[in-house]
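If you want the building blocks of each chain, they are given just below.
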Amino acid sequence: MLRPIVRHGAAVLHQPAQAVADFGDKTQALIDDMIQTMYAAPGVGLAAPQVGVGARVFVCDISVGRNSADLIVFINPEFVERDGMQLEEEGCLSIPGFNATVARPARAVLKGLDRHGEPQTLEATGLLARCFQHEMDHLDGTLFVDRLRGLQKDLIVRKIKKLAKAGKW
Ligand SMILES: [Zn+2]
């Protein structure tokens, strides 16, 4: 089932998400819906707060559904290692229409659980490393605009407020 994606300004996006302890039907349905919603958007990653659920779950697939082996589901993830630096343009399904260059570590290793509660550790570089860090930020209530410097952030936030006021957000 597709779930609506909430946008910048929704409280759930701006607060830390809670750890998942239950791997039953409700969590499985959430994960299936998140995968479907990510592909439909389309996007390379989606975190549970983006569908209004404050749980530490994210999905990503840098092939956007072209290669089923690329689909990753992470629950309660934590950084193990991060190093290097990459500067690339980034967007977010919760901030449609806006992009900005965000500095991120070039490599990231994450450990956590898969959708069945089994431990998993994954190493990522390039786009996948960027995706991991963007989604990890979502679980901590941080959006990519929060990582921009003053003026650039203010400009985007001001435009969003304008759109919201006009009922277009
Ligand atoms: Zn995002």
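You'll find the structure just up there.
A short tour of the structure in this document, coming up. Remember, predicted model here, so these are calculated numbers, not experimental data.

### Here we look at the overall build of the protein chain
In terms of regular secondary structure, the protein chain is built from three helices and seven strands. Secondary structure elements in the protein chain, listed N-terminal to C-terminal, are α-β-β-β-β-β-β-β-α-α. Over its C-alpha trace the protein chain gives a radius of gyration of 15 Å, about what one expects of a compact globule, namely 15 Å for 169 residues. Looking at the 169 residues of the protein chain, the share that counts as buried comes to 44%. Only carbon and sulfur atoms are counted for the fraction: they give 52% of the accessible area of the protein chain, which is about 8700 Å².

### Overview of the coordination of the zinc ion
Protein coordination at the zinc ion comes from Cys 92 (SG), His 134 (NE2) and His 138 (NE2), with a distance range of 2.0 to 2.2 Å. Counting gaps between the donor residues of the zinc ion yields the pattern C-x41-H-x3-H. Of this pair, His 134 and His 138 both sit in helix 2 (residues 126-139), four residues apart, which is roughly one turn of that helix.

### Let's talk about the state of the cysteines
As used here, a disulfide is simply a covalent bond connecting the sulfur atoms of two cysteines. Applying the stated criterion across every chain yields a total of zero disulfides. Here Cys 60 is not disulfide-linked; the sulfur of Cys 131 is the nearest cysteine sulfur, at 4.0 Å.

### Points about the pattern of salt bridges
Applying the stated criterion across every chain yields a total of 11 salt bridges. A salt bridge links Glu 81 to Arg 107; the shortest N-O distance between them is 2.8 Å. One end of the pair, Glu 81, is in strand 3 (residues 72-83); the other, Arg 107, is in strand 6 (residues 107-113), and 26 residues separate them in sequence. According to the relative accessible area criterion, Glu 81 is partly exposed, its value standing at 37%. For Glu 123, the salt bridge is made with Arg 107, and the minimal N-O distance between the two is 2.7 Å. In this pair, Glu 123 is assigned in strand 7 (residues 119-125) and Arg 107 in strand 6, connecting sequence segments 16 residues apart.

### Side note on the environment of Glu 81
Considered as a pair, Glu 81 and Glu 123 are 42 residues apart in the sequence and their alpha carbons are 8.8 Å apart. Apart from residues lying up to four places away in sequence, Glu 81 is in contact with Arg 107, Ala 108 and Val 109. In terms of polar contacts, Glu 81 uses its side chain to reach the side chain of Arg 107, at 2.8 Å.

### Considering helix 2
Taking 1.5 Å per residue as the helical rise, helix 2 with its 14 residues ought to reach 20 Å, and the 21 Å between its terminal C-alpha atoms agrees with that figure. Every buried residue of helix 2 is accounted for by Leu 128, Ala 129, Arg 130, Cys 131, Phe 132, Gln 133, His 134, Glu 135, Met 136, Asp 137, His 138 and Leu 139. At the C-terminal side of helix 2, Gly 141 shows a positive phi close to 80°.

### As for the sheet that holds strand 1 (residues 45-47)
Overall, antiparallel pairing links the five strands, which are arranged 1-2-3-6-7 in an open sheet. Each having just a single partner strand, strand 1 and strand 7 make up the two edges of the open sheet. With direction set aside, neighbouring strand axes in the sheet form an average angle of 35°. Across the face of the sheet, helix 1 (residues 25-40) comes into contact with strand 1, strand 2 (57-60) and strand 3 while running at roughly 35° to strand 2.

### Let's talk about the packing of aromatic side chains
All chains considered together, the criterion is met by four aromatic pairs. Taking 5.7 Å as the distance between ring centres and 40° as the angle between the ring planes, the aromatic pair formed by Phe 58 and Phe 74 counts as tilted. Of this pair, Phe 58 sits in strand 2 while Phe 74 sits in strand 3; the two residues are 16 residues apart in sequence, bridging distant segments of the chain. By relative accessible area, which is 0% here, Phe 74 ends up buried. Ring plane angle 55° and centroid distance 5.9 Å describe the contact between Phe 58 and Phe 132, whose orientation is recorded as tilted. Taken together, the positions of Phe 58 in strand 2 and Phe 132 in helix 2 put the pair 74 residues apart, joining distant regions of the chain. According to the relative accessible area criterion, Phe 58 is buried, its value standing at 0%. Taking the relative accessible area as the measure of exposure, Phe 132 reaches 0% and is therefore buried. Taken together, the ring pairs in this structure connect Phe 58, Phe 74 and Phe 132 into an aromatic cluster. Directly above the ring of Trp 169 sits Arg 7, whose terminal nitrogen or CZ lies 5.1 Å from the centroid. Taking NZ or CZ as reference, Arg 82 lies 3.7 Å from the ring centre of Phe 79, over its face.

Definitions and limits used
- Residues numbered from 1 in each chain as written.
- Predicted model: local features only at pLDDT ≥ 70, side-chain atom pairs only at ≥ 80, totals over all residues.
- Heavy atoms only, no water.
- Helix = DSSP H or I, 4+ residues; strand = E, 2+ residues; numbered from the N terminus.
- Rg over C-alpha atoms; globule rule 2.2 N^0.38 Å.
- Buried < 20%, exposed > 50% of the residue type's maximum accessible area, 1.4 Å probe, protein only.
- Areas by Shrake-Rupley, 256 points an atom, 1.4 Å probe, with all protein chains shown as cover.
- Donors = N, O, S within 2.8 Å, 3.2 Å for Na, K, Ca; no water.
- Disulfide = S-S within 2.5 Å.
- Salt bridge = Lys/Arg side-chain N within 4 Å of Asp/Glu carboxyl O.
- Contact = heavy atoms within 4.5 Å.
- Polar contact = N/O pair within 3.5 Å; in protein donor to acceptor, adjacent residues only side chain to side chain.
- Expected span 1.5 Å × (residues − 1).
- Pairing = 2+ DSSP bridges.
- Axes fitted to C-alpha atoms, helices over the stretch in contact; angles between N-to-C directions.
- Phe/Tyr/Trp six-rings, centres within 6.5 Å; stacked < 30°, edge-to-face > 60°.
- Lys NZ or Arg CZ within 6 Å of the ring centre and 35° of its normal.

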